[in-house]
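Spelled out, the chains give:
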Amino acid sequence: PPAPRRWYATGRAGASGSFAVPHPTRAETLRYPARAAGAAAALDPKLKGAMVGRPDPLASRGEGGSGGGRATAFDRLVYYPILFLAAVELLVWYSVAATAPPSEQQTVENWSATKQVPCERYVQPETMGAVKDAVEWAHVHRKRLRPVGSALSPNGAAFNEDGMLSMALLDNVVEVDEENMTVTTQAGARVAEVTEALRSKGLTLINYASIREQQIGGFTQVGAHGTGATVPPLDETVTKLKLITPAKGEITLSLSDPDGGEALRVARCGVGALGVAAEVTMRVTKAHRLLEKTWTASRAEVRKKHKQWLAGHQHIRYMWIPHTDCVVVVGSNPLPEGAEPPVVAEDTPERARKKTEPMRRLLQQCAPEVDSADMGFGQLRDELLKVAPLDLEHVKRVNAAEAEFWRRNSGRRCDWSDKILGFDCGGQQHVYEVAFRTGDSVETNTGADLEYMAELLEMIETEGIPAPAPIEQRWSAGSKSPLSPATNVLPDGGKAVKRGEAGLHSWIGIIMYLPSDDAKEREAITAAFKQYADRETTKLGEKYGIRTHWAKIELPTDPDARFEARRAVETRYDLSGFRELRASYDPKGVLGNDMIEGLVGDPKRVERRDAFSRAFWGPLEAYAEEQALAEEEKAKAAASDSSPMPDPSPRRSFHRRLERKFNRAVEDGSFVNVCVQVAMAVALHFTLAYRNVRRALEAEDARRAEAKKEAARHADERLRETPPASPA
């Protein structure tokens, strides 16, 4: 019979030639015609369940089998509301952005490179008017704008993803009052700059921390301290404070206020959560030189002479070297007025090299390829620890070499107080520092300071913790600021010390260095340090009633640990005045961050946030985590050893970012924001359900398609087995 007429690729009917390609008919494009498959199913009972009574997926869904037709109505039900809500979000964003203060996106990193935050809105005002406008804008639009200083805090106390306000450009020394012995500065002025301005007037700050690059605002707000059993923390020296608050605007607090200075005492160490510190007035003293002596002692000698040394030095600190019987003692006293500075032998290069010789010798043994010719003490310690920072025996050898360095470094020096009290803290590091009361005064010291150290060292050496040196111990008098770690105020308005006594508090800081740039090694050190600090807190925290330095406290991620950390703060601080002022000055919490809300925030606000978060975002977070883990497993199974695996963190971070945004809306109490976020959460819940339905439909389609292929294969076999009909 003649061949059927077809259309060819040339577009002409009946075309011929070696390059003419016939277009197949629709029936020929199918794996097997549906009628034949049905007939085969009728002949074979095994295929009846697969084909009889089931619709052809290709007829209603298209050949791709994607499942789009069946879910069209649900698509509209879910995605159109999401598009509408996105449009609402866009309008809200535009109304906020149109009045926003000038800002830029920045990634902010702290001094030790242990904390980093991508900040969406980094504001750096140049005038006080601009500060007021920015804070007012944040209050009106319920946008977080956390005050930040020099970003020196190891825990990133001022870090916030939504927004940060830097006072770095407002750094003037406003007034030096020689008669009343005070200095007034803008909050962005650095300690070093204020010191030089005071030096020309023959004045200086009463005390100094180890670092002089801090801004005055952050210096006082986190309760920074120096050392000296009769010298209070720096917040105690603040006599007047100008705050830019979200709800009350600009206010000035002083000790002479009608409330007796209670608001000032709360706000001067308010961790930046009551207002942006604009101007700070502090008490100063006459510039003076200090004669410093450094020597080493055994632990037994420290216990024997501790009271004598503590009472005999205006400033003193101990540096305990774990896994050795060496304690470095650094004490200093003011040079008598009018006395000539003593002649102190200069530290020549030859003498300096002799002091570090034990560390150089050990480095030559451990890492002979490293050139230590031009390295100082801090660099040598970093290079030594870089070899094996978490190996206990290696850390013991490094500590022993450091102890020998300090024995050779014993001596004295004389210089201005700011230069003596400031010192090199070493390289990048993790630090955890706590304070606790150890008596009403030096004379009535309970001995808790040395008992704490004895228990801490015993824990380190018994449990084999690779703790590097030093563990630094300092002292200070108490503070009347309720939120100072060295506060003399107990919860419920109680007093920690007898009337007329200054109080005696000990500060103890543990450390682990980050000498390597290798990400995995830094992660391992970070995990080891967290375990180290957690062990100290668990073993000694409750017994001694420790309060962690606000620049070194961490907000736990585990819910149970977070609850315990909050409970510890609430039982060891009097938060009533702080929360009362915050409800008045910053009722929307725009100057806070997750750490502030988690540890000292309004309990009702935190409970409301956590309840909504668990209800709406718990399933989404679990879903995101499940999908990320599934992708990891799939990548591990499919990828070769040399090929990089995809990073699942974007999927996690996307959902966590949405959760953080929702939590923030709930904390604000904004009805519009909460409604929008709740609607989006509900829509996303529907989306998850929709995706699950889609997956089930696609699985069903795949099963049917496989059954259809199987039916077609069997039909082909039956047709081949059936002899052709003889011509009539």
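Scroll up for the structure.
Residues numbered from 1 in each chain as written. Predicted model: local features only at pLDDT ≥ 70, side-chain atom pairs only at ≥ 80, totals over all residues. Heavy atoms only, no water.

Run through helix α14 (residues 392–408), naming residues and quoting values.
The end-to-end C-alpha separation of α14 is 25 Å, in line with the 24 Å expected for 17 residues at 1.5 Å each. Taken residue by residue, α14 has His394, Val395, Val398, Asn399, Ala401, Glu402, Ala403, Phe405 and Trp406 as its buried positions. Those residues of α14 that are buried are in contact with β11 (289–297), β12 (315–321), β13 (326–334), α11 (349–355), α12 (357–366) and α13 (377–387). (Helix = DSSP H or I, 4+ residues; strand = E, 2+ residues; numbered from the N terminus. Expected span 1.5 Å × (residues − 1). Buried < 20%, exposed > 50% of the residue type's maximum accessible area, 1.4 Å probe, protein only. Contact = heavy atoms within 4.5 Å.)

Just give me the short version of the pairing of strand β17 (residues 504–513), but keep the residues and values in it.
Of all ten residues that make up β17, ten are buried, and the element is covered over most of its length. Alternating residues of β17 divide into Leu504, Ser506, Ile508, Ile510 and Met512 and His505, Trp507, Gly509, Ile511 and Tyr513, and every residue in both groups is buried. The pairing of strand β15 (residues 429–437) with β17 spans nine bridges and is antiparallel. In the strand pairing of β17, valine 434 is matched with isoleucine 508. As paired strands, strand β16 (residues 471–477) and β17 are joined by six bridges and run antiparallel to one another. Paired with tryptophan 475 across the two strands is serine 506, which belongs to β17. (Pairing = 2+ DSSP bridges.)

Summarise the pattern of salt bridges; cite the residues concerned and give the values.
Applying the stated criterion to the full structure yields 37 salt bridges. Glutamate 472 is paired through a salt bridge with arginine 317; the nearest N and O atoms lie 3.5 Å apart. With glutamate 472 in strand β16 and arginine 317 in strand β12, the pair connects residues that are 155 residues apart, well separated along the chain. When sorted by exposure, glutamate 472 lands in the same class as arginine 317, which is buried. Of the charged contacts, one joins arginine 704 and glutamate 700 as a salt bridge, the two residues approaching to 3.1 Å between their closest N and O atoms. Of the two residues, arginine 704 and glutamate 700 both sit in helix α23 (residues 671–721), four residues apart, roughly one turn of that helix. Overall, glutamate 700 belongs to the partly exposed group, its relative accessible area being 23%. Among the charged side chains, a salt-bridge network with shared partners connects Arg317, Glu433, Glu472, Arg474 and Lys552. (Salt bridge = Lys/Arg side-chain N within 4 Å of Asp/Glu carboxyl O.)

So what's going on with the sheet that holds β12? Residues and values would help.
Here we have eight strands laid out as an open sheet, ordered β14-β11-β13-β12-β16-β17-β15-β18, and antiparallel in their pairing. Either end of the sheet is taken by a strand with one partner, and the two such strands are β14 (411–416) and β18 (547–548). Sheet topology places β12 next to β16; four bridges connect them, and they run antiparallel. Within the sheet, the bridge partner assigned to tryptophan 320 lies in β16 and is isoleucine 471. Those strands touched by helix α17 (residues 519–544) are β15, β16 and β17, and its axis lies near 160 degrees from that of β17. (Axes fitted to C-alpha atoms, helices over the stretch in contact; angles between N-to-C directions.)

Tell me about the sheet that holds strand β3 (residues 146–148), and please be specific about residues and values.
To summarise the sheet geometry, strands pair through backbone hydrogen bonds and adopt either a parallel or an antiparallel arrangement. Ordered in space as β1-β2-β4-β3, the four strands form an open sheet in which the pairing is mixed. Two strands lie at the open edges of the sheet, namely β1 (104–109) and β3, each paired on one side alone. Adjacent strand axes in the sheet meet at a mean angle of 45 degrees, parallel and antiparallel pairs treated alike.

Quick one: what's the story with the side chain of threonine 227, residue by residue and with numbers?
Note that threonine 227 resides in the loop between α8 (216–221) and β8 (238–245). Classification of threonine 227 by relative accessible area gives buried; the value is 6%. Within the structure, the side chain of threonine 227 is placed 2.4 Å from the backbone oxygen of isoleucine 316, a separation counted as a polar contact. Contacts of threonine 227, omitting those with residues within four sequence positions, involve Asn207, Gln314, His315, Ile316, Arg317, Arg474 and Trp475. (Polar contact = N/O pair within 3.5 Å; in protein donor to acceptor, adjacent residues only side chain to side chain.)

Which residues make up the packing of α13 against α14, and what values go with them?
It is at 9 Å that the axes of α13 and α14 come closest, and there the two elements cross at 165 degrees. If you check the angle between α13 and α14, you find them roughly antiparallel. The hand of the α13/α14 crossing is right-handed. Contacts between α13 and α14 involve Phe377, Arg381, Leu384, Leu385 and Val387 from the first element and His394, Val395, Val398, Glu402, Phe405 and Trp406 from the second. (Parallel < 35°, antiparallel > 145°, perpendicular 65-115°, else oblique. Left-handed = near helix turned anticlockwise from the far one by under 90°.)

So, the packing of aromatic side chains: which residues are in play, and what are the values?
The final tally for this structure, using the stated rule, is twelve aromatic pairs. Ring centres of tryptophan 309 and tyrosine 318 lie 6.4 Å apart, and the angle between their planes is 80 degrees; this geometry places the pair in the edge-to-face category. As far as burial versus exposure is concerned, tryptophan 309 and tyrosine 318 are alike and both buried. Between phenylalanine 405 and tryptophan 406, the aromatic rings sit 5.1 Å apart at their centres with planes inclined by 75 degrees, giving edge-to-face as the arrangement. When sorted by exposure, phenylalanine 405 lands in the same class as tryptophan 406, which is buried. Joined through ring pairs, the aromatic side chains of Trp295, Trp309, Tyr318, Trp320 and Trp475 make up one cluster. Cation over ring: arginine 289 sits above tryptophan 416, and NZ or CZ is 4.2 Å from the ring centre. Positioned above the aromatic ring of tyrosine 573, the side-chain terminus of arginine 547 is 5.5 Å from the ring centre. (Phe/Tyr/Trp six-rings, centres within 6.5 Å; stacked < 30°, edge-to-face > 60°. Lys NZ or Arg CZ within 6 Å of the ring centre and 35° of its normal.)

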